[in-house]
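Tertiary structure, described
Here are the chains, one letter per residue:
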Amino acid sequence: MAELHQTPTSLCCCRKSLPVSGCVRDAGRPLVAPGPGPSHGPLVDVASASNFHCYKLRHFHLDLRINFAVKEMTGWLVLDLIPVQPGVQTLIMDSHPSLLIQSIDCKVPGAAQEEPVSLTYRVDPFTDYGSSLNISLPSAAIKPGQLIQITVHYTTTDGPAIWWLDSELTCGQTRPLVFTQGHSVCNRSLFPCFDTPAVKSTYTATVRVPDGVTVLMSASRSSYSKQDRVFQFSMEFPVPSYLVALVAGELQHVDVGPRSRVWAEPCLLSCAVKKLGGSVERWLGVAEGLFGPYLWGSEFLLIDVIHEIAHGWFGNAVTNATWEEMWLSEGLATYAQRRITTEAYGEAFTCLETAVRLDALHRQLRLLGDNNPVSKLQVKFEPGVNPSTLMNLFTYEKGFCFVSYLSQLSGDVRRFDCFLRDYISEFKFKSVLAQDLINYFLCYFPELKDAAVANREGLEFERWLSGCGPPLYEPNLSAGGALTQPVQDLCELWRCSDPPDLETLSPFDLLTWSTFQIVLFLDRMLDHAPLPHGVMECLSSCYSSLFDSMNAEVQIRWLQMVVRNNFYPDLPRVRAFLYKHTSRMYTVPLYDDLIAGVMRCVAVEIFNQTQHRMHPNLRRTLQQIVFQNATTSTNQNTPALSITPPSPSVSPQPQPAATATTSSVAGTTPTIALRDVNVSA
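All of these numbers come straight from a predicted model, not from anything done at the bench.

1. Overview of the pattern of salt bridges
By the definition in use, this model includes 26 salt bridges. A salt bridge links E353 to R357, with the nearest nitrogen and oxygen atoms 3.2 Å apart. A residue pair is termed a helical-turn pair when its members lie 3 or 4 positions apart in one helix, as E353 and R357 do in helix α5 (residues 347-368) at four residues. Judged by relative accessible area, which is 5%, E353 ranks as buried. Accessibility expressed as a relative area gives 31% for R357, which makes it partly exposed.

Below, the structure is given as structure tokens:
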């Protein structure tokens, strides 16, 4: 018999049953119980082609074989469905042109007809991010309330959910790696599904891989048969389709806590453990103290930022029912993240981080204008619009400001913590709308409902949700003054037409600053580009070597300064950075800046040198950036510059990547993350 290693159902240290709330309430005040869950009519999700309203998805099972040689996953999907409406003869699933459907059959468990019945189907166009799989069902088998099983045999190809990395694109450069990213509507290219956050279900999976490959999934249980090279997974809590995630490759782990484990490629593991060490359990403990027990177990707990822990409650346990209200997950998770950092690192650190993000929000508003509809919390979009395009700073930061305003209305942050705990308890494993949150808030604080705070002039809840422009309220960040004021003072010195003398700079030791302070400094200097050449020379002399030794969040901002100011002496640093980094978040902004200025030929040269090491999706994006409207010779307006390999004196050693994992489903990108993270206060 094959050796089998079974992990426990949950490694959570909170074993005891907890009351609905551990909070102290006003005397005589009853526990709020507004109902058994969300109380709204049938939802409309224009991003889904499926007829999910017609069925209850009880469970689904995936059985996949991964073939790295041809970059395919082949297998089948089994859906346990219960029709909920009479007369329905068609099942419509979200799919994708990259999915090759081989066959579909149906059976009714326990019926006299044991053999599955082959079904007819067709695939119709839907949008540029998916198609509809229309399946004709046998009328005799379809009865409301009666379970049916639909099995779809299929093969994946090059869909947007699946990222195949050849061995040379991995850190170890010895084995290929594949990972998936389902948010927002990409998992329809991994398996046919009801690809909407309005539908949640449990799932199981069987994944077959070559020898030496480890598979992780967003699941609460797993087992492995070494003899058969088969991984088994089970998610016992209902989750939306976009939270199904998978990574397979040469991966190893180290336990960094009683319920937390870091997974990474072997060459990154020690760095990841050093970064995350004892922090994970600390963050989890703080979060549980604020929002209640962590619901997901922690077998594959990989954190690239505290925000992903917060998603364990806000986004995964309670989910936005439509993509038009994505702020319900991201705004609440951002608020929760900052409550965690306040408890763990103090209010000053949280105010500093918030200042960086709100600066970015207002920078975006200056570019877009106050009347741009993407600045709404409730963004109405037409069929065919990809919900992923709505992921922006407003989703996070304007959403955070609205939640902060609700907290301010409650009168006390600890009182609001109690509200959030009970909100999670009330709606866990459900999908909700903004009105559900607001109704629960007003029922929870009846004195606020009596005071008609929802209609307070200038701060109306409806205006918060549907109005364009900046947040109507921003939290007081004065507690971060000791960290933000030195940043502002240093910016003032460098914004003059002449560089400051060294004596005036001596009080500002950037070696003692946190990453967020340096990021805030560079962001605010970027706001004032272009700078005089002499100022850029002095800035480079003072700081560029220091920035070389820091993480990519700092480096990319300095290099954007270099490009936007046409500062050619530091161009080798730009080259070195783009030779080293093939991540979208660090390459696209720099290429955008290179193309927007007089350095187009530099962008073309670097792209031609590095494109063979890029993921195909990133390569296509950069091709569009680099060669858009390129109707003239690239060296007309810029002196030709030779390509040279990164110099060891310029190209810093790779920074330790906070590669670890997030909770089984904690976060919108539960995959290996090769991005530097600095959370030190």
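2. Observations regarding the nonpolar core
Within the largest apolar cluster, 132 residues are counted, with the highest numbers of intra-cluster contacts made by I66, I150, F314, F419, Y423, F441 and F461. In terms of residues, this core owes the most to one element, helix α6 (residues 393-410), which gives eight residues. Setting aside anything within four residues of it in sequence, one finds F419 in contact with L437, Y440, F441, Y444 and F445.

3. With respect to the UniProt feature "active site" (unreviewed entry) in the protein
Sequence positions flagged by UniProt for "active site" (unreviewed entry) are, in local numbering, E308 and Y396. These annotated residues cover 89 residues of sequence, but their C-alpha atoms sit close together, with the largest distance between any two at 13.0 Å. Its location among the elements puts E308 in helix α3 (residues 306-310). Here Y396 lies in helix α6.

4. Overview of helix α1 (residues 266-276)
Buried within α1 we find L268, L269, A272 and L276. The buried residues of α1 occupy an angular sector of 115 degrees when projected down its axis, which confines them to one face. Facing away from the buried side of α1 by over 90 degrees, the exposed positions are S270 and K274. Among the structural elements, β16 (252-257), β17 (260-264) and α2 (279-291) are those in contact with the buried residues of α1. Downstream of α1 by one or two residues, G277 has phi in the positive range, about 20 degrees.

5. Quick look at the packing of aromatic side chains
Aromatic ring pairs are defined here through the distance separating the ring centres and the angle between the ring planes. Overall, the coordinates contain 41 aromatic pairs when judged by the stated rule. Considering the side-chain rings of F419 and Y444, the 5.3 Å spacing of their centres and the 75 degrees angle between planes classify their relative orientation as edge-to-face. One end of the pair, F419, is in helix α7 (residues 413-427); the other, Y444, is in helix α8 (residues 434-444), with 25 residues separating them in the sequence. Among the residues examined, F419 registers a relative accessible area of 0% and is labelled buried. When its relative accessible area of 3% is taken as the criterion, Y444 is described as buried. Ring centres 6.4 Å apart and planes at 85 degrees place the aromatic pair W513 and F521 in the edge-to-face group. Classification of W513 as buried rests on a relative accessible area of 11%. Take F521: its relative accessible area is 0%, and that puts it in the buried class.

Cut-off values and rules
- Chains are numbered independently. Their residues run from 1 in the order of the written sequence.
- Thresholds applied to this predicted model are a pLDDT of at least 70 for local features of residues and 80 or more for the giving and counting of side-chain atom pairs; totals over whole chains, interfaces and linings are not thresholded and use all residues.
- With hydrogens and water set aside, each side-chain value is computed from the structure's full complement of heavy atoms.
- Between Lys or Arg on one side and Asp or Glu on the other, a salt bridge is scored when a side-chain nitrogen of the former is within 4 Å of a carboxyl oxygen of the latter.
- Every helix listed is a DSSP run of H or I at least four residues long, and every strand listed is a run of E at least two residues long, numbered separately from the N terminus.
- When accessible area is computed with a 1.4 Å probe and restricted to protein chains, residues below 20% of their type maximum are described as buried, those above 50% as exposed, and intermediate ones as partly exposed.
- Buried residues of nine kinds, namely Ala, Val, Leu, Ile, Met, Phe, Trp, Tyr and Cys, make up a nonpolar core once their side-chain atoms join them within 4.5 Å.
- Contact criterion: two residues are considered in contact whenever any of their non-hydrogen atoms come within 4.5 Å of each other.
- UniProt positions are given in the numbering used here, feature names are shortened, and annotations may be inferred rather than shown by experiment.
- By arc we mean the arc of the directions from the helix axis to the C-beta atoms, nothing more.
- Pairs were defined over the aromatic rings of Phe, Tyr and Trp, the Trp ring being its six-membered one, requiring ring centres within 6.5 Å. Orientation was assigned from the angle between planes: stacked under 30 degrees, edge-to-face over 60, tilted for the rest.

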